[in-house]
Amino acid sequence: MEMMWQDLVFLAGSVLSIVFLAPTIKDTSARVPLGSSIPSMTIGAIYALTYGTMGMTFSAAGSFGVATMWSLIACYRSPGEQKGVLNILRFARTVNRRLRELVGTAVPGLEGGRSNAQSGHQQSAD
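Residues numbered from 1 in each chain as written. Predicted model: local features only at pLDDT ≥ 70, side-chain atom pairs only at ≥ 80, totals over all residues. Heavy atoms only, no water.

1. What about the overall build of the chain?
Across its full length, the chain carries 5 helices and 0 strands. The helix and strand sequence of the chain, counted from the amino end, reads α-α-α-α-α. If you take every contact in the chain between residues at least 6 apart in sequence, the share linking residues at least 24 apart comes to 68%. Counting every atom, the chain has about 8600 Å² of accessible surface; 65% of that belongs to carbon and sulfur. (Helix = DSSP H or I, 4+ residues; strand = E, 2+ residues; numbered from the N terminus. Contact = heavy atoms within 4.5 Å. Areas by Shrake-Rupley, 256 points an atom, 1.4 Å probe, with all protein chains shown as cover.)

2. Some points on the packing of helix α2 (residues 34–53) against helix α3 (residues 57–76)
To characterise two packed helices, one gives the angle between the axes of the helices and the distance between these axes. Across the interface, α2 lies against α3 with an axial gap of 8 Å and an inter-helix angle of 160°. One finds that α2 runs roughly antiparallel with respect to α3. Judged by the sense of rotation from one axis to the other, the crossing of α2 with α3 is left-handed. On α3, the residues that touch Leu34, Ser37, Ile38, Ser40, Met41, Gly44, Ala45, Tyr47, Ala48, Tyr51 and Gly52 of α2 are Ser59, Ala60, Ser63, Phe64, Ala67, Trp70, Ser71, Ile73 and Ala74. Among the residues forming the contact of α2 with α3, the class breakdown is 13 nonpolar, 7 polar and no charged. (Axes fitted to C-alpha atoms, helices over the stretch in contact; angles between N-to-C directions. Parallel < 35°, antiparallel > 145°, perpendicular 65-115°, else oblique. Left-handed = near helix turned anticlockwise from the far one by under 90°. Nonpolar A, V, L, I, M, F, W, Y, C, P; charged D, E, K, R; others polar.)

3. Observations regarding the side chain of aspartate 7
Mapping aspartate 7 onto the fold places it in helix α1 (residues 5–26). No salt bridge is formed by the buried aspartate 7. Its closest oppositely charged neighbour is lysine 26, at 26 Å. Sequence-distant contacts of aspartate 7, defined by excluding residues within four places in its chain, comprise Met56, Thr57, Phe58 and Ser59. (Buried < 20%, exposed > 50% of the residue type's maximum accessible area, 1.4 Å probe, protein only. Lys, Arg positive; Asp, Glu negative; His and termini not counted. Salt bridge = Lys/Arg side-chain N within 4 Å of Asp/Glu carboxyl O.)

4. Digging into the confidence of the model for the chain
Should the pLDDT be low somewhere, the predicted coordinates at that spot are not to be read in detail. Counting all residues, the mean pLDDT for the chain is 85, and 84% of those residues have values of 70 or more. Segment residues 113–119: pLDDT under 50, and 7 contacts once partners within four positions in sequence are set aside and those in other chains are kept. (pLDDT = per-residue confidence, 0-100.)

5. Overview of the packing of aromatic side chains
Within this structure, the stated rule accounts for 2 aromatic pairs. Aromatic side chains tyrosine 47 and tyrosine 51 sit 6.1 Å apart centroid to centroid with 55° between the ring planes, which places their arrangement in the tilted category. One end of the pair is tyrosine 47 and the other is tyrosine 51, both in helix α2 and 4 residues apart, which spans about a single turn. When its relative accessible area of 44% is taken as the criterion, tyrosine 47 is described as partly exposed. (Phe/Tyr/Trp six-rings, centres within 6.5 Å; stacked < 30°, edge-to-face > 60°.)

6. Details of the side chain of arginine 77
Tracing the sequence through the fold places arginine 77 in the loop between α3 and α4 (85–106). Aspartate 27 provides the closest opposite charge to the buried, salt-bridge-free arginine 77, at an N-O distance of 6.4 Å. Among the polar contacts made by the side chain of arginine 77, one reaches the main-chain carbonyl oxygen of isoleucine 25 at a distance of 2.7 Å. The contacts of arginine 77, once residues within four sequence positions are left out, are Thr24, Ile25, Lys26, Asp27, Thr28, Ala30, Arg31, Val32 and Leu72. (Polar contact = N/O pair within 3.5 Å; in protein donor to acceptor, adjacent residues only side chain to side chain.)

7. Description of the environment of alanine 30
With respect to the helices and strands, alanine 30 occurs in the loop between α1 and α2. Remark: the alpha-carbon pair of alanine 30 and serine 78, spanning 48 residues in sequence, is separated by 7.7 Å. Those residues in contact with alanine 30, other than ones at most four positions away along the chain, are Thr24 and Arg77.

8. Focus: the pattern of salt bridges
Going through the model one piece at a time under the given rule, you end up with 1 salt bridge. Linking arginine 97 and glutamate 101 is a salt bridge whose minimum nitrogen-to-oxygen distance equals 3.9 Å. Of this pair, arginine 97 and glutamate 101 both sit in helix α4, 4 residues apart, which is roughly one turn of that helix. We classify arginine 97 as partly exposed; its relative accessible area is 39%. Since its relative accessible area comes to 47%, glutamate 101 is described here as partly exposed.

Spelled out as structure tokens, the structure:
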């Protein structure tokens with residue numbers, strides 16, 4: 001099977017991303033919001049999987065490297081006291097809570113399949 005030149009171009013872009021992200025990993029005072037790092041980590045992982053299914057092995061490896069860098073940033077360079085995978089879990093809980101609030105606002109009475117009265121929430125007159 002012949003290697004596509006695009007595979008090397010995507011690999012080069014990933015390597016540059018890794019090089020540019022390395023200082024953030026090294027800087028212990030760096031604080032990157034989870035709202036930036038986790039979506040970037042997820043996109044890198046999706047790209048890696050997609051490139052892999054297309055037979056673009058080098059691109060897949062490069063994107064996996066970028067996803068790994070972003071996961072390290074999410075685990076160790078986000079604001080807050082928690083470190084490691086707990087940061088990712090904290091982000092997932094926050095997103096879940098915000099989605100439930102959004103759905104509850106968009107469709108009153110649908111919050112978690114319960115009405116506000118059933119869930120113990122009361123609306124204020126403010």
